[in-house]
Amino acid sequence: MSNERGNFGTKIGVILATAGSAVGLGNIWRFPYMTGQNGGAAFIIIYFVCVLLLGIPGMVSEFIIGRHSASNAARAYGRIAKLRQLSASSSHEEKSKGMVPSSLIGYMGVITSIIILGFYAVVAGWCLQYLLASVMGEIQGDVNYVSNYFQTFSESTLRPVLWTIVFILITHFVVVKGVRNGIERASNLLMPTLFVLLIIIVIASCSLPGAGRGIEFLLKPDFTKVNHSVLLEALGQAFFSLSLGTACLCTYASYFSRQTDLLKSATQIALIDSVIAILAGLMIFPAAFAVGVQPDSGPSLIFITLPNVFQQAFASLPGMGYVISILFYGLLTLAALTSTISMHEIGTAFFYEELHISRSHGAWIETAVCCVIGVLCSLSMGAVDSLKLFGMNFLSFCDFLTAQILLPLGAFLTSLLIGWYVPKRVTHDEFTNWGTVNRFFYQTWLFTVRFICPLCIAAIFLHQLGVI
């Protein structure tokens, strides 16, 4: 049995696959409603600044760990921390210092990704159900009808569970084919398709009567609405949108070649991620304003508000609302799949490398564990009311645990590890591709990782917990 890891075959494959890990429901669902709740274009400008201050430096940090170690996340953190000990000339006690905590960052990332995939697959399964319902014409009706449809579906026992398992299995059969034949090939197909669908819906939405008010809301900044809460929300959105702290970037970087320009790749991925988020806003807000729906509808936007928005907005064009609804939920499904593929790969790489088994067996372990978590999360939405922890249903608890505790903590520890613990010669060599690129930006990046990133992440963490 061979456990050869493989790697990405092309530069565009690197960008599309890694961008796909970042692009997901967070861009197409969370970003628009966060923008709506926080004043439109002013929030977007602050978000872009946060991507520069936190997102790109954080991505490069995880890239360095992954590429240097060329292994799964748990092993990668241990290996890169070991470089400090190997370079020390001190006692056995000093050589041992830091190994266990550093390795635990990687293990925490793997565990986080498994939990996220479990509950994320539930929402992705809802997208599959709504795609099918759109094709069958089942979600055409007034707001009350659509609201009842969602509540009845999400609280039922069989269908949400079935769709959750189906989505995890679809993800499994992509990942099990390997890096080039599975992940890279799927990303090369899914990401352009996602972009084309998004452009089609944006054009249709922006062509509606009254759409100009939605475009103005999205692109004209109103800084009177900016306060400390908006700043922290923008920081948090940049943090979560780029998948920082999940070990995803570290895992994908382990398949990068030595010629991959880490800073350039991170910048391109952040740009793609941000452009898709803006396009999502241009898809939703013009249509919402055209029918008088408030832009701060919140998390219910996708499954309750938008089906009715599409029906009303395109009522004068027979069949157009039906087509747009199908395209929209197809788009959501593709976006969810690009993210679940990356989440699945983290655990798959961990299991087959650490247990010394085949990639196929490692993928099946990941799939089985995530199916169990996904089923529990799905049932907790109403079918089994007793599935609660700390007063939250199981899905909400998993979301809280990962988004508000594990992700910020992982990213915070990563920035300290790379900024202060790993030898500068290692980070310099990786950042500059052994002195061939980006030499003038290294000190700026290192300062950002050492000081700005930890402070920003700490602020997000405390804000998420309600301390500030």
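The sections below set out a description of the structure shown in this document. The structure presented is a predicted model; accordingly, all values stated were derived computationally and were not measured.

## Considerations on the side chain of Thr18
For Thr18, the position within the fold is in helix 1 (residues 11–22). Every residue in contact with Thr18, bar those within four places of it in the chain, is listed here: Phe63, Leu249, Tyr252, Phe256 and Ile269.

## Comments concerning the packing of aromatic side chains
Summed over all chains, the structure comprises 28 aromatic pairs. Consider the rings of Phe310 and Phe328, whose centres lie 5.2 Å apart with planes at 65 degrees: the pair is edge-to-face. You can see Phe310 sitting in helix 14 (residues 305–313) and its partner Phe328 sitting in helix 15 (residues 320–354), a full 18 residues away along the chain. Residue classification places Phe310 among the buried positions, given a relative accessible area of 2%. Seen in terms of ring centroids, Phe431 and Tyr442 are 5.8 Å apart; in terms of plane orientation they differ by 65 degrees. Their pairing is edge-to-face. Residue Phe431 is located in helix 18 (residues 424–431), and its partner Tyr442 is located in helix 19 (residues 442–464); the two are separated by 11 residues in the primary sequence. Like Phe431, the residue Tyr442 is buried in the burial classification. Taken together, the ring pairs connect Trp126, Tyr130, Tyr145, Tyr149, Phe150, Phe303, Phe310, Phe328 and Tyr329 into an aromatic cluster. One cation-aromatic arrangement involves Arg450 over Trp420; the distance from NZ or CZ to the ring centre is 4.5 Å.

## Quick word on the layout of surface pockets
One way to see where empty space is left: roll a probe the size of a water molecule over the atoms. Counted as a void, the largest pocket has a volume near 1,100 Å³. The wall of the largest pocket is formed by 38 residues, among which Trp29, Arg30, Phe119, Tyr120 and Asp399 lie closest to the centre. Where the lining of the largest pocket is concerned, the elements lending two or more residues are helix 1, helix 2 (25–37), helix 6 (99–136), helix 11 (228–241), helix 15 and helix 17 (394–421). Top contributing element to the lining of the largest pocket by residue count: helix 17, with 8 residues. Looking at the lining of the largest pocket residue by residue, the class counts come to 21 nonpolar, 15 polar and 2 charged.

Thresholds, definitions, all that
Residues numbered from 1 in each chain as written. Predicted model: local features only at pLDDT ≥ 70, side-chain atom pairs only at ≥ 80, totals over all residues. Heavy atoms only, no water. Helix = DSSP H or I, 4+ residues; strand = E, 2+ residues; numbered from the N terminus. Contact = heavy atoms within 4.5 Å. Phe/Tyr/Trp six-rings, centres within 6.5 Å; stacked < 30°, edge-to-face > 60°. Buried < 20%, exposed > 50% of the residue type's maximum accessible area, 1.4 Å probe, protein only. Lys NZ or Arg CZ within 6 Å of the ring centre and 35° of its normal. 1 Å grid on protein atoms, 1.4 Å probe; cavity = no way out; pocket = protein on both sides within 12 Å on 5 of 7 lines; lining within 4 Å. Points joined across faces, edges and corners; volume = space filled by probe spheres on them. Nonpolar A, V, L, I, M, F, W, Y, C, P; charged D, E, K, R; others polar.

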